[in-house]
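Results of the structural survey
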Amino acid sequence: MALLTGSNKIHIAVFISGTGSNLKSLIKFSKLKKSPIMIKMIISNNYKAKGLQYADIYKIKKKVFDFKNTLSEKKVINELKKNDIHLICLAGFMKILSKSFIKNFKGKILNIHPSLLPKYKGLNTHERAINNKDKYSGCTVHFVNSKLDSGDIINQKKVRIKKLDNPKTLAKRILIQEHKLYPAAIIKALSL
Ligand code: GRF
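We now turn to the structure provided with this report. (Residues numbered from 1 in each chain as written. Predicted model: local features only at pLDDT ≥ 70, side-chain atom pairs only at ≥ 80, totals over all residues. Heavy atoms only, no water.)

**What to know about the nonpolar core**
Defined as follows: Buried Ala, Val, Leu, Ile, Met, Phe, Trp, Tyr and Cys residues form a nonpolar core when they are joined through side-chain atoms within 4.5 Å. A simple rule labels every residue: compare its accessible area, found with a 1.4 Å probe on the protein chains alone, to the largest value its type can have, and call it buried under 20%, exposed over 50%, or partly exposed in between. The numbering of helices and of strands both runs from the N terminus, where a helix is a DSSP run of H or I of at least 4 residues and a strand a run of E of at least 2. The source of the domain bounds is an automatic or database domain assignment. It only takes one pair of heavy atoms within 4.5 Å for two residues to be counted as in contact.
Counting residues in each nonpolar core, the largest one holds 37 residues, and the members touching the most others are V14, L110, Y182 and I186. The dominant element in this core, judged by the number of residues it contributes, is helix α6 (residues 167-191), at 8 residues. Residue contributions to this core reach at least three from each of two domains, namely domain 1 (7-106) and domain 2 (115-139 + 150-192). The residues touching Y182, leaving out its near neighbours within four places in the chain, are N22, L26, C89, L90, A91, L110, N111, I112 and V141. Counting 19 residues, the second-largest nonpolar core is a separate cluster that includes I43, I77, L80 and L90.

Now the structure itself:
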């Protein structure tokens, strides 16, 4: 990706729709002395997203857009350009971005997905992995392209599915791994 110049940090916008635990882990990562990133803004399609609280706690700019049409997306693009955003990290962001939005930030959008892609694109990943009696599930960070959960994979972490797991218990263990995987994926993506 070769975005890092001198001691300048990569400007990141994190997109969220819900709890924001991945956002929190990215903020913590950004605060490390040697972190290559700086989280410049938090964007949501949901003004009720719990994760927006981290914007107040950590004094990060937040904005909510409905993402319902091209006009709304154009406003987001303007905001991102205005804030000199280099990289977008989707973290529990539940809207599908349009092709033209993705084109505007080609190769500069990452997403975290709670399955071992290419298995289980889309929703209800834990339930599907358990119902299929898979031995492992996990999480994946990938580049975003115009097909859902289909861009190039950056890294993955396997998590064993236990006999007594239900979607909730499995999701909980995978989420812990997500929090480690995303920072590592950003470092790897920046070196590509
Ligand atoms: C995570 O499991 C992520 O992989 C998925 O949605 C969940 C978001 O969790 N896309 P959080 O909002 O980061 O806590």
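**Structural notes on the environment of K188**
Residue position: K188 is located in helix α6. A residue is classified by how much of its surface remains accessible, and K188, at 40% relative accessible area, is partly exposed. Put simply, K188 and F93 are 95 residues apart on the chain and 21 Å apart in space, counted from C-alpha to C-alpha.

**Regarding the environment of N145**
For clarity, the threshold we go by: Pairs of N or O atoms are called polar contacts if they sit within 3.5 Å, as long as, within protein, a hydrogen donor faces a hydrogen acceptor (for residues adjacent in sequence, only side-chain-to-side-chain pairs).
Following the sequence through the fold, N145 ends up in the loop between β6 (136-143) and β7 (153-160). What N145 contacts, discounting residues up to four positions off in sequence, is I102, S150 and G151. A polar contact is formed between the side chain of N145 and the backbone nitrogen of K147, at a distance of 3.0 Å.

**Some points on unusual backbone geometry**
Between L117 and the following residue, P118, the backbone shows a cis peptide bond with an omega angle of 10 degrees. With respect to the secondary-structure elements, P118 resides in the loop between β5 (109-113) and α5 (125-131). With a phi angle near 55 degrees, K59 is a residue other than glycine that sits in the positive phi range. In this structure, K59 sits in the loop between α2 (53-57) and β3 (61-64). The class of K59 is exposed, set by a relative accessible area of 73%. At D84, a position not held by glycine, the phi torsion is positive, near 55 degrees. Among the structural elements, D84 can be located in the loop between α3 (70-82) and β4 (87-90).

**A closer look at the pattern of salt bridges**
Quick note on the threshold: Put simply, a salt bridge is a Lys or Arg side-chain nitrogen that is within 4 Å of an Asp or Glu carboxyl oxygen.
Evaluation of the coordinates by the stated rule reveals 6 salt bridges. K63 serves as the salt-bridge partner of E79, at 3.9 Å between the closest nitrogen and oxygen. Residue E79 is located in helix α3, and its partner K63 is located in strand β3; the two are separated by 16 residues in the primary sequence. Relative accessible area serves as the criterion here: at 6%, E79 is assigned to the buried category. Between K82 and E79 there is a salt bridge, with the nearest N and O atoms lying 3.5 Å from each other. Highlighted residues: K82 and E79, both in helix α3, separated by 3 residues, approximately one helical turn. Accessibility expressed as a relative area gives 61% for K82, which makes it exposed.

**Quick word on the packing of helix α1 (residues 21-31) against α6**
Under the convention used in this document: An axis is simply a line fitted to the C-alpha atoms; with a helix, the fit covers only the stretch in contact. Between two such axes, the angle follows the N-to-C directions and lies from 0 to 180 degrees. Note that the term roughly parallel is reserved for angles under 35 degrees, roughly antiparallel for angles over 145, roughly perpendicular for angles of 65 to 115, and oblique for everything else. Crossings are classed by handedness, with left-handed meaning an anticlockwise turn of the near helix from the far one by less than a right angle and right-handed meaning a clockwise turn. Gly is put with the polar residues, along with every residue not named as nonpolar or charged; the nonpolar set is Ala, Val, Leu, Ile, Met, Phe, Trp, Tyr, Cys and Pro, and the charged set is Asp, Glu, Lys and Arg.
The geometry of α1 relative to α6 is characterised by a closest axis approach of 9 Å and an angle of 45 degrees between their N-to-C directions. By the criterion of interaxial angle, the relationship of α1 to α6 is oblique. As for how α1 packs across α6, the hand of that crossing is right-handed. Note on element contacts: α6 touches α1 through L175, E178, H179, Y182, P183, I186 and I187, opposite S21, N22, S25, L26 and F29. Broken down by class, the residue content of the contact of α1 with α6 amounts to 7 nonpolar, 4 polar and 1 charged.

Geometric descriptors of this kind do not, in isolation, establish any biological role.
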